[in-house]
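# Report on the structure
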Amino acid sequence: MTAEPERPVRPQEQVRPDRPERLVIDLGTDTGPFHGGAAGTLYGIYGDGVPSRTLVEGMYLRTVSTKAQDGPQHPGADALEILPPFVDSGGQDVYIYLTDIYRGFPYRWPGATGAERLADFKERIGKQVRQVLTMGAYRHHVVCVPFNEPEGNMFGTGEWSYDGTSWLDDPRHYFTAWKEVHHLIKDLAPDARIAGPNTSVLYDQVKDFLAYAKANDVLPDVTTWHELSSPAEVRTNVARYRQMERDVGIAPLPVNVNEYGHNYHLSVPGQMVQWVAAIEDSKIDADLAYWNIDGNLNDSAVEANKGNGQWWLFNAYGQLSGHTVAVTAPHPNVQYTLQGVATLDEDKRQCRLLFGGQGGDADVAFRNIDPALFGTTVHASVWEIPWTGQVGDSAQPLRLAEQEIEVGADGTVTLPMNGMNGMNAMNGMNAMSAYQVVLSPRGTGKAPTAPSPVRRRTYLAEDAAHTGSGYSRNGPEGTPSDVGKFATSGTYHVGGLRTGSDLVLSFEVEADQDGTYDLSVFANSYHLDDLVKDQGPTNVFLRVDGRDPHELRLPLGYKRAVWGRTDTTVDLTAGKHTVTLAAQDPDLGVTKGDAFVDRIDLALRDENAIRPAVYEAGYADLRGTRPGYGYTDASGPGAVPLPGGASATFWVHSPVDGESTVSVDHLGGGRAALALNGENLDIPRVGGSGKGTDPVKVFLSGGINKITVTGTSGELVLDRLRVSRSTGTLVPSVHQAENGTVSGTARVTGAHAFAVGGKAVTGIGGGTANALTIDVVAAGTGRHALTIRYSNAERAPATHYNPDPVARHADLSVNGGPPRRILFPTTLHFNNFRDLTVPVTLAQGTNRLTFTADELPDFEGDTYNQYGQRSPYAPVIDQVTVTPLAAQWAAPQPPL
């Protein structure tokens, strides 16, 4: 079979015209302050640490909608437990679904009559509001949502409705209930905010609701509804709603579309940027829909601290600033076409554009570029944010090109420009990717930063040859006409690598030159399939041209056709090769499990791939400062002065937990301190009087890390960070759990073959007497990274389509100190181990770590969840590793 092109054509891509599509950004048309409202989540946060605060903050979440405290609807996501960490991570508002104090969907509220059911609900609402009032200043970040989709639930036609009559036909009972509940909440908390009607779509009857609410002085503080439609309908419906307000005679209310998107859209940057553009144009808040597991930011987070392509899209979106400007798409407000959102920040002298949604070629034209801000030459930087699957970790966006471009006499710059670092950045775009362009004034410094490796070749499994038994071609998966299914690289995927088969998939690939190549297999094993339950991750066997066998463990998924990635490297000579994935290997064994394969990717590990990752200060999240242009020694178009208290924050990716070297490039002028994920590093301050590079050895967690550089004296001029993996300075100390001391029901087990050495400790918890104690040695006193290798596959009984995995916890005590609760997200199988890192303070010498667990009671401490949604157990623990958090170079700093 012949290989696919570098970027496979997606089924939704339209036939392209002879001339490229054209996206026009008019910097002269101000469309309002940047809002950032598309960054919201429904059930996206399970608890403090799932996902990590770094992921929450770096996604720039504004709003979260979640269940009532102690509600039995799903495990975790209790409103008052996520409220403080969410707000402390920069979040604005927590919308509490008061209805989720009940189980089931439709909600199973008790009572023989509608009046009895409403009375029970009001009693529970009163209790919830009184609990909110105990939260101090955090309570001002709460919005109460009394009813959720009332037309299909409490005031619909079903078994669990008020009286079997839909309020859309006869609203009397619903309107009365709204008034009574509104009064109840306001009587208890006069400054409380209330949201509604929270319908599943924007019905025409919402206008009648507003009229009634106005007449009875019970208007919502925020209007909410759901857009389980398409990006093309967001702008239309918001405009239609604003007309309702005018017709009724009320001032514009804040709007939160607190469910948007489908499985086909979520995780895919090229799909989601279309939603983001429509929501930002409408200047509303909106929350990503919850179709799958809670606590993963609606298919943005991988494990506890890793982000996929969708996370990086929202990270870029959250760093837009200033005001939005007009963006004219080639097909305005048409879904599955090229769309975008752009901002102009006059203080930073930057224009930022996010766009995508269609593959092929495009022209991107910037008009009305103000010479007073940008001069007559601009610096253009272009990145790609690729799709990496629903559960596939993503590195930072790929830098495609940088170029300094002369502005036309008419104030216009059009991309692509021939010769942008040897490529046309907007040619051959991938419909599943989003793209970012930043325009700033030209620099006077060095040559532009080299692009990231972009010579990726993709080969779809559905096009691979096959021999042997068990082959299946499965699909079609998600399409614009079937948005409930998941996105897939092609239309189909391939199964058959399973227990008992002898299937071989053969991919004909091509290498451009001799070298080592990164090879990624996009695949999935559904964790509840019968063949997968035994071992967990499915093992398959890879060869190149029949040689060099590799055994790979393919990722697990929470549903079928949910894609993750397994990475390896292969050595190839220039030319054609055959890469095989097989269920049997004569040297290595046989497959156990059942895997589905979506595609494989090949990328050369050239100098661009192995050089340090570059993070320009001029593109960082800045506080108390702005970029400066014209520094002759700057690496990019500009650098950032950091007077005392001013800061630059960088979101840095690490592929694994472990040591990295962060090189701080600066132009001198002062000193600065470094913080890592909110931890102030106990190291000498970086900087000095002259230009230099200060290499700092730090422990980076696998996934996303927040590095903040804050000026402390003088005015350090920060140029950039360069980050690369390193070893030898922060020496880890590894301790196997089975070598620790167990008590009570905790025991060493050999039941988990993929544990290191085949042994781990289970049975921790169910009472504090059931514990694991491990003694570790620290070379010095200070902050350390504690990396826990664990597994957790506990599930609670679900009532509908959402899988309900439970995040287990461990209470960790260091040297007999007060315990710290640590949440561990699901690994989907007890034989599937993952790493979770938390910072701890250790003393020089031997330190005793004690892991216990017990079930948490409900908010008021007198009752317990009856549906197995609060586990009393810790995860299975395989090993722990302690590593110093940071160290600095040995050379003395230059004087100021």
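Calculation rules
- The residue count restarts for each chain, going from 1 along the sequence in the order it is written.
- In keeping with the model being predicted, local features are shown solely for residues with a pLDDT of at least 70 and side-chain atom pairs are shown and tallied solely at 80 or more, while totals for entire chains, interfaces and linings include all residues.
- As a rule here, side-chain values cover all heavy atoms of the structure and leave hydrogens and water aside.
- What counts as a helix is a DSSP run of H or I of at least four residues, what counts as a strand is a run of E of at least two, and both are numbered from the N terminus.
- Both definitions apply: the radius of gyration is a C-alpha atom measure, and the globule rule equals 2.2 Å times residues to the power 0.38.
- The buried label applies to any residue whose accessible area, calculated with a 1.4 Å probe on protein chains only, is under 20% of its type's maximum; exposed applies above 50%, and partly exposed to all values in between.
- Residue contacts are defined here by distance: any two heavy atoms, one from each residue, within 4.5 Å place the two residues in contact.
- For this count, His and the chain ends are skipped, Lys and Arg are scored as positive, and Asp and Glu as negative.
- We put the charge of a Lys on NZ, of an Arg on CZ, of an Asp on CG and of a Glu on CD.
- Each residue after the first adds 1.5 Å to the expected span of a helix.
- Pairing between two strands requires that DSSP report at least two bridges joining them.
- What counts as an axis is a line fitted to C-alpha atoms, over the stretch in contact for a helix, and the angles between N-to-C directions run from 0 to 180 degrees.
- Each residue carries a pLDDT score, the predictor's own confidence in it, on a scale running from 0 to 100.
- Only centres within 6.5 Å qualify two rings of Phe, Tyr or Trp (six-membered ring in Trp) as a pair; their planes then separate them into stacked at under 30 degrees, edge-to-face at over 60, and tilted for everything else.
- Definition used: whenever NZ (Lys) or CZ (Arg) falls within 6 Å of the ring centre and also within 35 degrees of the ring normal, the charge is taken to sit over that ring.
- Orientation is classified from the angle alone, with under 35 degrees giving roughly parallel, over 145 giving roughly antiparallel, 65 to 115 giving roughly perpendicular, and any other angle giving oblique.
- A clockwise turn of the near helix away from the far one marks a right-handed crossing, whereas an anticlockwise turn of less than a right angle marks a left-handed crossing.
- Charged means Asp, Glu, Lys or Arg here, nonpolar means Ala, Val, Leu, Ile, Met, Phe, Trp, Tyr, Cys or Pro, and polar covers whatever is left, Gly included.
- By convention in these notes, a salt bridge is any Lys or Arg side-chain nitrogen within 4 Å of a carboxyl oxygen on Asp or Glu.

### Some words on the overall build of the protein
Across its full length, the protein holds 11 helices and 56 strands. For 896 residues, the compact-globule estimate of 2.2 N^0.38 gives 29 Å, and the protein sits close to it at 28 Å. Based on the C-alpha atoms only, the size of the protein along its principal axes is roughly 75 × 75 × 65 Å. Within the protein, buried positions represent 62% of all 896 residues. Within the protein, contacts between residues separated by at least 24 positions form 79% of all contacts whose residues are at least 6 apart in sequence. Treating the 74 positive side-chain charges of the protein as one cloud and the 103 negative ones as another, the clouds have centres 2 Å apart.

### Observations regarding helix H3 (residues 114–132)
Taking 1.5 Å per residue as the helical rise, H3 with its 19 residues ought to reach 27 Å, and the 27 Å between its terminal C-alpha atoms agrees with that figure. In this structure, the buried residues of H3 make contact with helix H2 (79–88), strand E4 (93–97), strand E5 (142–145) and helix H4 (172–188).

### Some details on the sheet that holds strand E18 (residues 413–415)
Spatially, nine strands are ordered E17-E16-E19-E14-E13-E12-E1-E15-E18 in an open sheet, and the strand pairing comes out mixed. The outermost strands of the open sheet, each flanked by one partner alone, are strand E17 (398–406) and E18. Strand after strand, the sheet turns through a mean of 20° between neighbouring axes, direction not considered. Two strands pair when backbone bridges link them, and strand E1 (residues 21–33) and strand E12 (residues 323–328) are joined in this way by six bridges, in the antiparallel orientation. Across the sheet, Pro-33 pairs through a bridge with His-323, a residue of E12. Contacts from helix H8 (residues 309–318) reach strand E14 (350–356), strand E16 (377–385) and strand E19 (434–441), with the element oriented near 150° to E16.

### A look at the confidence of the model for the protein
Scored by pLDDT, the protein comes out at a mean of 94, with 95% of its residues at no less than 70. Taken as a whole, residues 889–895 scores under 50 in pLDDT and shows 15 contacts with residues more than four places along the chain or in a different chain.

### Some remarks on the packing of aromatic side chains
Inspection of the entire model under this criterion finds 30 aromatic pairs. Ring centres of Tyr-260 and Trp-275 lie 5.4 Å apart, and the angle between their planes is 40°; on these two criteria the pair is classed as tilted. Here Trp-275 lies in helix H7 (residues 269–282) and Tyr-260 lies in strand E8 (residues 255–260), a separation of 15 residues in the sequence. Measuring from centroid to centroid gives 5.0 Å for Trp-311 and Trp-312, while their planes differ by 90°, and the two rings are edge-to-face. The two residues Trp-311 and Trp-312 agree in class, both being buried. Here the aromatic cluster, defined as three or more aromatic residues joined through ring pairs, consists of Tyr-102, Trp-109, Phe-121, Phe-147, Phe-155, Tyr-162, Trp-167, Tyr-174, Phe-175, Trp-178, Phe-209 and Tyr-212. Sitting above the plane of the Tyr-867 ring, Arg-103 keeps its charged end 4.3 Å from the centroid. Of note, Arg-473 hangs over the ring of Tyr-492, and the distance from its end group to the ring centre comes to 3.8 Å.

### Observations concerning the environment of Gly-443
Note that Gly-443 resides in the loop between E19 and strand E20 (456–460). Separated by 186 residues in sequence, Gly-443 and Tyr-629 have C-alpha atoms that sit 6.1 Å apart. Apart from residues lying up to four places away in sequence, Gly-443 is in contact with Glu-404, Gly-636 and Pro-637.

### Structural notes on the packing of helix H5 (residues 206–215) against helix H6 (residues 231–248)
Where H5 contacts H6, the axes come no closer than 10 Å and their chain directions differ by 40°. It follows from the interaxial angle that H5 and H6 lie oblique. Note that H5 runs across H6; the crossing there is right-handed. Contact residues: H5 offers Val-206, Lys-207, Leu-210, Ala-211 and Lys-214, while H6 offers Tyr-241, Met-244, Glu-245, Asp-247 and Val-248. Partitioning the contact of H5 with H6 into residue classes produces six nonpolar, no polar and four charged.

### Side note on the packing of H3 against H4
Packed helix pairs are specified by the crossing angle of their axes together with the interaxial distance, meaning the distance between the axes. Contact geometry for H3 and H4: axes closest at 10 Å, N-to-C directions at 25°. The orientation of H3 relative to H4 falls into the category roughly parallel. Relative to H4, H3 is oriented so that their crossing is right-handed. Judged by residue contacts, Leu-118, Lys-122, Ile-125, Gly-126, Val-129 and Arg-130 of H3 engage Ala-177, Glu-180, Val-181, Leu-184, Ile-185 and Leu-188 from H4. Of the residues in the contact of H3 with H4, the class split is eight nonpolar, one polar and three charged.

### A few points about the pattern of salt bridges
On inspection of all chains with the given rule, the structure shows 46 salt bridges. A salt bridge links Arg-242 to Glu-245, with the nearest nitrogen and oxygen atoms 3.0 Å apart. You can see Arg-242 and its partner Glu-245 sitting in helix H6, three residues apart, about one turn around the helix. For Asp-858, the salt bridge is made with Arg-870, and the minimal N-O distance between the two is 3.7 Å. With a gap of 12 residues between them, Asp-858 in the loop between strand E54 (845–852) and strand E55 (876–884) and Arg-870 in the loop between E54 and E55 connect regions that are remote in the sequence. For the pair Asp-858 and Arg-870, a shared accessibility class is recorded, and that class is buried. Overlapping salt bridges bring together Lys-67, Asp-70, Asp-78, Glu-81, Asp-858 and Arg-870 as one network.

### Concerning the side chain of Asp-694
Residue position: Asp-694 is located in strand E43 (residues 692–700). Nearest to the buried, unbridged Asp-694 among oppositely charged side chains is Arg-671, at 6.1 Å.

### Comments concerning unusual backbone geometry
Between Phe-105 and Pro-106 the backbone carries a cis peptide bond, its omega angle lying at 10°. The residue Pro-106 is located in the loop between E4 and H3 in this model. Cis geometry marks the peptide bond from Gly-196 to Pro-197, where omega comes out at 5°. One non-glycine residue, Asp-217, adopts positive backbone phi at about 55°. In this fold, Asp-217 is placed in the loop between H5 and strand E7 (222–227). Residue Asp-217 is classed as exposed on the basis of its relative accessible area of 67%. A positive phi angle, close to 55°, is found at Asn-815, a residue other than glycine. Inspection of the secondary structure assignment puts Asn-815 in the loop between strand E51 (808–814) and strand E52 (820–824). On the accessibility criterion, Asn-815 (44% relative accessible area) is partly exposed.

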